[in-house]
Amino acid sequence: MGIEIRDTEGRTASLEVAPGPAEGPLQVGVLVAGHASWSCSPAAARELAAALVAAAAEAEDARGAEPVTVKARELFRGDVRDGDRPMTVEAVRLDGADVQVTWTSGGGRSWSQIYEADADIRLRRRLRPGR
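Residues numbered from 1 in each chain as written. Predicted model: local features only at pLDDT ≥ 70, side-chain atom pairs only at ≥ 80, totals over all residues. Heavy atoms only, no water.

Peer 1: So what's going on with the pattern of salt bridges? Residues and values would help.
Peer 2: This model, assessed by the stated rule, comprises five salt bridges. Notably, a salt bridge pairs Asp82 with Arg124, separated by 3.9 Å at the nearest N-O pair. With Asp82 in the loop between β6 (80-81) and β7 (87-95) and Arg124 in strand β10 (residues 120-125), this pair connects stretches of sequence that are 42 residues apart. Here the salt bridges share partners, and the residues they tie into one network are Asp82, Arg122 and Arg124. (Salt bridge = Lys/Arg side-chain N within 4 Å of Asp/Glu carboxyl O. Helix = DSSP H or I, 4+ residues; strand = E, 2+ residues; numbered from the N terminus.)

Peer 1: Account for the nonpolar core, with residues named and values stated.
Peer 2: Grouped together as the largest cluster of nonpolar side chains are twelve residues: Val70, Ala72, Leu75, Met87, Val89, Val99, Val101, Trp103, Tyr115, Ala117, Ile121 and Leu123. Those elements that provide at least two residues to this core are β7, β8 (98-105) and β10. Of the residues forming this core, the biggest block, three residues, is contributed by β8. Excluding residues that lie within four positions of it along the chain, Trp103 makes contacts with Arg81, Met87, Thr88, Val89, Glu90, Arg109, Ser110, Trp111, Gln113, Tyr115 and Ile121. (Core = buried A, V, L, I, M, F, W, Y, C linked by side-chain atoms within 4.5 Å. Buried < 20%, exposed > 50% of the residue type's maximum accessible area, 1.4 Å probe, protein only. Contact = heavy atoms within 4.5 Å.)

Written out as structure tokens, the structure reads:
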């Protein structure tokens with residue numbers, strides 16, 4: 001997976017992330033623009049991911065976007081439910097007249113809930129298709 005990042009002086013670099021080799025200790029590899037390389041345990045990679053998700057949520061929340069209401073069948077991965085605690089859509093599966101939504105919390109917990117496809121879901125942040 002390639003992700004463009006910038007340093008404090010505005011220079012861009014590509015961040016590549018991949019699982020480590022099948023043999024040896026479990027590792028996740030991180031390569032920055034072909035110049036620097038790090039590895040960490042899967043647990044540390046999850047901590048980094050959770051910290052990035054939390055920082056992204058704070059940055060987006062600072063913009064003060066108005067919540068929107070969508071039908072459960074129209075949810076996208078990455079949509080964030082409005083409420084006291086942010087819950088992010090991880091997966092959506094249409095099952096006849098129902099929709100099974102898998103949510104994740106900022107703390108990394110995940111769970112599934114079933115909604116009627118026409119149920120209104122209020123979102124704090126709407127993921128734009130194609131993002």
